[in-house]
Structure formats: structure tokens, C-alpha cells
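# Coordinates in review
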Amino acid sequence: MSLSEIQARIAKAEKTANRAPGSVQLIAVSKVQPNDRVEAVLQQGHRLFGENKVQEAAGKWPAFKQAYRGVQVHLLGPLQTNKARQAMELFQAIHSLDRPKLAKTLARLAQELGHCPTLFIQVNTGEEPQKSGVLPADTDSFVAECRALDLPIAGLMCIPPVDQEASLHFALLGNIAKRNDLVGLSMGMSSDFEKAVALGATHVRVGSAIFGARDYS
Ligand SMILES: *Cc1c(COP(=O)(O)O)cnc(C)c1O
């Protein structure tokens, strides 16, 4: 598959769902991908990317940001508090805000640095023990806690369990967002982004369908 194909499928899904053209942002998830594949997508004019790890992003994006105007990189993976400062300097958005300690650290650093990336709260919609994210039942109070800290919360993010129908999780995330007056919905990956668009995603995170399979060897 390719970037233009994925863009066309998103446009079609927007239309089918009666959503405005361009209402869904495509985050090209470049984690683990070789630089030549990333550069090919930059050369096609795409500017919004996602990474999972602070260290990996720090090694790769400063040079690309120098070379290409208007690049934005979002952090999608878990964030340790000791890397929060570096993350706030590297990323324009963080999709993995998942606990009070991290919220407090980000709030303190935002004061100090004078800016804060856009934030998404990760919700563990499948209540999977190995997965990060706040539980659905705890989300309303966590949103309130983050707002009390003046954090710029744009919306919610989820990664559905691999063995379950993703739409159920997208719908649940949408409901939690709605009752908290949040418009941002970061949901949908290579295998299910069209379903996510149908259920209101504002940001889809697509990796392998754009870049090809990741080689972890
Ligand atoms: C890797 C990753 C993606 C992209 O996954 P694909 O299946 O390659 O599209 C999206 N979101 C998160 C949080 C990821 O870690």
C-alpha cells in the first residue's frame, strides 16, 4: 500500500460517514522504519508522523525537521516521567497520558518551559492488565484532574485488544469523550482505520499500511 492510497481510503470513509473532507488527520507511524522509507513519505509532502519511543524519535527527527518545513511528530507510546522534558521538546502532541504522576510532571514542566504539547489521555478500553491507559471508569475523574492542572487535553486515545471487534472500543471511547466534552479521538490503525473514521476518529495512526511491515530483527 502507499500514502496516497491510505489518504484516498480516509477521504472515502469521511464521505461515507458524512464527515467534512479533511476532518481526520493521518498520523504516519514511522517507528522502526528505515530512514529512506520515512524520507520517501516526506518527499510526497506528508508532514505528520508518529513515534513510539522518545529515544528513537530523538535520533531521527531533528535532522528531518531541519530538512523539511512544517514537520510534526506525535508520541504514541508510553512515557516515563524522567523522559517527559525531552518529550515535551521533541513532540507536538503526546497520545499516552495515562496516570496522575505523569500529568503532574507535564504540568510542572509546562510552567517551566512555557509551552506544552497537545495531550490525549490513553484509555485502556479493553481493561487489559498488560496495557497502559486509565480504565474507562476512572477516565472522567482523570480528565477533571488534568483540567485542574491546566493541561491542554485535546481528547482520548485507545488501542483495542487484538482479538476483539475494534468498533466496540471506538464507540466506547467516543462515548467517554462526548460526556467529557472532548472532541479529539485518536483511534484506528492499519487494519481498522476506516471503522475508526466511521465512529468519529479525528486522528488515525497508520504505520505498516503506509510504510510496509516493520522489521524488528
Ligand atoms: C505501532 C502503532 C500504530 C501503527 O500500527 P500499524 O498496525 O502498523 O498501523 C498505531 N498506534 C500505536 C500506539 C502504535 O504503537
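Described below are features of the structure shown in this document. (Residues numbered from 1 in each chain as written. Predicted model: local features only at pLDDT ≥ 70, side-chain atom pairs only at ≥ 80, totals over all residues. Heavy atoms only, no water.)

## Thoughts on the overall build of the protein chain
Threshold: A run of H or I in DSSP counts as a helix once it spans at least four residues, and a run of E counts as a strand once it spans at least two, with each numbered from the N terminus. Each radius of gyration is computed over the set of C-alpha atoms, and the globule rule expresses the reference value as 2.2 Å times the number of residues to the power 0.38. For every residue, the accessible area (1.4 Å probe, protein chains only) is compared with the maximum for its type, and the residue is labelled buried under 20%, exposed over 50%, or partly exposed between those bounds. Whether two residues touch is decided by their heavy atoms; if any such pair falls within 4.5 Å, the residues are in contact. All accessibility values rest on the Shrake-Rupley procedure with a 1.4 Å probe; residue burial counts only the protein chains present in the view. Only four residue types enter the charge count, namely Lys and Arg as positive and Asp and Glu as negative; His and the chain termini do not. Taken as the charge location is NZ of Lys, CZ of Arg, CG of Asp or CD of Glu.
Looking only at helices and strands, the protein chain has 9 helices and 8 strands in total. Its C-alpha radius of gyration of 17 Å places the protein chain within 12% of the 17 Å reference for a compact globule of 217 residues. Considering the protein chain as a whole, with its 217 residues, one finds that 49% of them fall into the buried category. If you take every contact in the protein chain between residues at least 6 apart in sequence, the share linking residues at least 24 apart comes to 59%. In the structure as shown, the protein chain presents an accessible area of about 10,400 Å², 51% of it carried by carbon and sulfur atoms. Within the protein chain, the 21 negative side-chain charges are centred at a point lying 3 Å from the centre of the 24 positive side-chain charges.

## Some remarks on helix α7 (residues 166-179)
Test applied: A helix's residues, less one, multiplied by 1.5 Å, set its expected span.
Across its 14 residues, α7 extends 20 Å between first and last C-alpha, which sits within 8% of the 20 Å expected from 1.5 Å per residue. The elements touched by buried residues of α7 are α6 (136-148), β6 (153-157), β7 (184-186) and α8 (193-198). In the segment just after α7, Asp181 is the residue with positive phi, at about 55°.

## Concerning the packing of α6 against α7
Note the cut-off: Structural elements are reduced to axes, namely lines fitted to C-alpha atoms, with helices fitted over the stretch in contact, and the angle between N-to-C directions of any two is expressed from 0 to 180 degrees. Here the word oblique covers every angle except those under 35 degrees (roughly parallel), over 145 (roughly antiparallel) and from 65 to 115 (roughly perpendicular). In this scheme the crossing of two helices becomes right-handed for a clockwise turn of the near helix relative to the far one and left-handed for an anticlockwise turn of less than a right angle. The classification used treats Ala, Val, Leu, Ile, Met, Phe, Trp, Tyr, Cys and Pro as nonpolar, Asp, Glu, Lys and Arg as charged, and all other residues, Gly among them, as polar.
Two elements in contact, α6 and α7, have axes separated by 10 Å at closest approach and are oriented at 30°. It follows from the interaxial angle that α6 and α7 lie roughly parallel. Crossing handedness for the pair α6 and α7: right-handed. Contacts from Pro136, Thr139 and Asp140 of α6 reach α7 at Leu172, Ile176 and Arg179. Across the contact of α6 with α7, the residue classes break down as 3 nonpolar, 1 polar and 2 charged.

## Re the nonpolar core
Filter applied, for reference: What is meant by a nonpolar core is a set of buried Ala, Val, Leu, Ile, Met, Phe, Trp, Tyr and Cys residues, joined one to another through side-chain atoms within 4.5 Å.
Within the largest apolar cluster, 61 residues are counted, with the highest numbers of intra-cluster contacts made by Leu97, Leu106, Ile121 and Val204. Among the elements that take part in this core, helix α5 (residues 100-113) stands out by supplying 6 residues, more than any other. In this structure, Leu97 is in contact with Leu102, Ala103, Leu106, Leu119, Phe120, Ile121, Gln122, Phe142, Cys146, Leu151 and Ile153, ignoring residues within four places of it in sequence.

## Observations regarding the packing of aromatic side chains
As a reminder of what qualifies: Centres within 6.5 Å make a pair out of two Phe, Tyr or Trp rings, where for Trp the six-membered ring is used; the pair is then stacked when the planes are under 30 degrees apart, edge-to-face when over 60, and tilted otherwise.
Summed over the entire model, instances satisfying the criterion amount to 2 aromatic pairs. Between the aromatic rings of Phe49 and Trp61, the centroid separation amounts to 4.7 Å while the plane-to-plane angle is 40°, which identifies the pairing as tilted. With Phe49 in strand β2 (residues 48-51) and Trp61 in helix α3 (residues 54-67), this residue pair connects regions lying 12 residues apart in the sequence. We note that Phe49, like Trp61, is buried. Within the aromatic cluster, the residues linked to one another by ring pairs are Phe49, Trp61 and Phe64.

## So, the packing of helix α2 (residues 35-43) against α3
Between α2 and α3, the least distance of the axes is 12 Å, while the angle of their chain directions is 35°. Both α2 and α3 take part in a crossing whose hand is right-handed. The residues of α3 that touch α2, namely those facing Asn35, Val38, Glu39 and Leu42, are Lys60, Trp61 and Phe64. For the contact of α2 with α3, the class distribution of residues is 4 nonpolar, 1 polar and 2 charged.

## A few points about the site of the ligand
Short version of the rule: Any residue with a non-hydrogen atom lying within 4 Å of a molecule or strand is treated as near it. Pairs of N or O atoms within 3.5 Å make up the polar contacts considered here, provided that, within protein, one atom can donate a hydrogen while the other can accept it, and that residues adjacent in sequence are counted only when both atoms are side-chain atoms.
Surveying the vicinity of the ligand reveals the residues Val29, Lys31, Asn52, Leu76, Ile159, Met189, Ser190, Arg205, Val206, Gly207, Ser208 and Arg214. A distance of 2.7 Å separates an oxygen atom of the ligand from a polar side-chain atom of Lys31. Here an oxygen atom of the ligand sits 3.1 Å away from a polar atom, N or O, in the side chain of Asn52. Surface burial for the ligand is 90%, taken as the share of its 390 Å² of free accessible area covered by protein chains. When the residues that make up the shell around the ligand are grouped by side-chain class, the tally is 5 nonpolar, 4 polar and 3 charged.

## Looking at α3
An α-helical segment advances 3.6 residues per turn. Residues three or four places apart therefore align on the same side. To keep it simple, the criterion reads: The term bend refers to the angle at a residue between two fitted axes, each drawn through seven residues, those ending there and those starting there.
Its 14 residues place the ends of α3 20 Å apart at the C-alpha level, agreeing with the 20 Å of an ideal helix rising 1.5 Å per residue. At Trp61, α3 shows its largest kink, close to 35°, and the proline Pro62 lies no more than four residues downstream. Taken as a whole, α3 has its buried residues at Val54, Ala57, Lys60, Trp61 and Phe64. Of the surrounding elements, those touching the buried residues of α3 are α2, β2, β3 (72-75) and α4 (84-90).

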